[in-house]
Amino acid sequence: MFKKRNVVKMALVTTMAALLLAGCGGDKASTDKDKDVLAQIKEDKKIVFGVKHDTRLFGLKNPSTGEVEGFDIDLSKALAEEMFGKDVKPEYVEVTSKTRVGLLNNGKVDAVVATMTITDERKKEVDFTDVYFEAGQSLLVKKGSKVQSIDDLKKGTTVLAVKGSTSTINIREKAPEATVLEFENYAEAFTALKAGKGDALTTDDAILYGMADEDPSYELVGGTFTEEPYGIAVKKGNQELVDELNKALKSLKDSGKYDEIKDKWIKN
Ligand code: GLU
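Now for a quick tour of the structure. Quick caveat, the model's predicted, so the values are computed rather than measured. (Residues numbered from 1 in each chain as written. Predicted model: local features only at pLDDT ≥ 70, side-chain atom pairs only at ≥ 80, totals over all residues. Heavy atoms only, no water.)

In this section: the side chain of Lys-52. Structurally, Lys-52 can be placed in the loop between β1 (46-51) and β2 (54-55). Among the polar contacts listed, one links the side chain of Lys-52 to the side chain of Ser-97, at a separation of 3.2 Å. In terms of polar contacts, Lys-52 uses its side chain to reach the side chain of Thr-115, at 3.1 Å. The contact partners of Lys-52, leaving out residues within four places of it in the chain, are Gly-59, Leu-60, Val-68, Val-95, Thr-96, Ser-97, Arg-100, Ala-114, Thr-115 and Tyr-186. (Helix = DSSP H or I, 4+ residues; strand = E, 2+ residues; numbered from the N terminus. Polar contact = N/O pair within 3.5 Å; in protein donor to acceptor, adjacent residues only side chain to side chain. Contact = heavy atoms within 4.5 Å.)

See the structure below:
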């Protein structure tokens, strides 16, 4: 009996030692990152933002300079400076609507600033800041199209959308007779629209304005039929980081810097 207890004790001590060692061992960075993204940002002196590369006005890679440009980029840069001064360098990694939650949860990005709507469904997987931009879903068509609103998306029509977006879910619900074709990103979806692969492209009005701006033979029709409040997403359980981002967002709004950035990109 006595012996058996000792064996159990020994096993417990060994397990605890192993756990302690694992906690302090070579894998420290990823272990810490799992626990506290904000602490890791401060330690690394860099914050990695997940941004779009395919979305004019919000996050678009400029092929001539290789730089990513847009409202989400400028806003995240300003937020990083507001939170950490010059101590922490902002870095950018491409996300798409489909990949952004996964890249956040596997630690490849610290915060997603990528036209991402706050929804109850997504709140199960990630944490969001306060709303930083209000959009609404709409339709983009070739000028002169017979499709002028969501009511025209009847049987036999095809709508183009992007995988992992709220737009695909909403359009299936609101225009159930239409065929929905899903693409990897907005650049591909717009190319498909121009190639005549669909009658309309659907996503947030703010994103569609960027496309209409790029090619004026396309226009938005029918107004908006959803509300798409954008939030910055972080890995679940990082309330401190959410609080810091919210504080910084409020300061940028109070100082007029937020409006300055918004006015630079958003004209409609
Ligand atoms: N805001 C919508 C969403 O979060 C559409 C834009 C996007 O795909 O990022 O899904």
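Going through the model one piece at a time under the given rule, you end up with 10 aromatic pairs. Taken together, a centroid distance of 5.7 Å and an interplanar angle of 70° make the contact between Phe-58 and Tyr-230 edge-to-face. Here Phe-58, found in the loop between β2 and β3 (59-61), pairs with Tyr-230, found in strand β13 (residues 228-235); they are 172 residues apart in sequence, far enough to count as distant. Note on Phe-58: relative accessible area 0%, which makes it buried. The exposure class assigned to Tyr-230 is buried, which follows from its relative accessible area of 0%. Where Phe-71 meets Tyr-258, the ring centres are 5.9 Å apart and the plane angle is 80°; that geometry is what we call edge-to-face. Of the two residues, Phe-71 sits in helix α4 (residues 71-84) while Tyr-258 sits in helix α11 (residues 257-265), which places them 187 residues apart along the sequence. Of note, Lys-194 hangs over the ring of Phe-190, and the distance from its end group to the ring centre comes to 4.3 Å. Taking NZ or CZ as reference, Lys-253 lies 5.0 Å from the ring centre of Tyr-258, over its face. (Phe/Tyr/Trp six-rings, centres within 6.5 Å; stacked < 30°, edge-to-face > 60°. Buried < 20%, exposed > 50% of the residue type's maximum accessible area, 1.4 Å probe, protein only. Lys NZ or Arg CZ within 6 Å of the ring centre and 35° of its normal.)

Turning next to the site of the ligand. Around the ligand, the structure places 17 residues, and the nearest of them are Ser-97, Thr-115, Thr-117, Tyr-186 and Asp-204. At 2.8 Å from an oxygen atom of the ligand is found a main-chain nitrogen or oxygen belonging to Thr-166. Expressed as a share of its isolated accessible area of 280 Å², the protein-covered part of the ligand is 100%. Counting only elements with at least two residues in the shell around the ligand, the list comes to α7 (166-174), β11 (200-204) and β13. In terms of residue class, the shell around the ligand is made up of five nonpolar, seven polar and five charged. (Near = heavy atom within 4 Å. Areas by Shrake-Rupley, 256 points an atom, 1.4 Å probe, with all protein chains shown as cover. Nonpolar A, V, L, I, M, F, W, Y, C, P; charged D, E, K, R; others polar.)

So, to be careful, I would describe these as geometric facts and stop short of saying anything about function.
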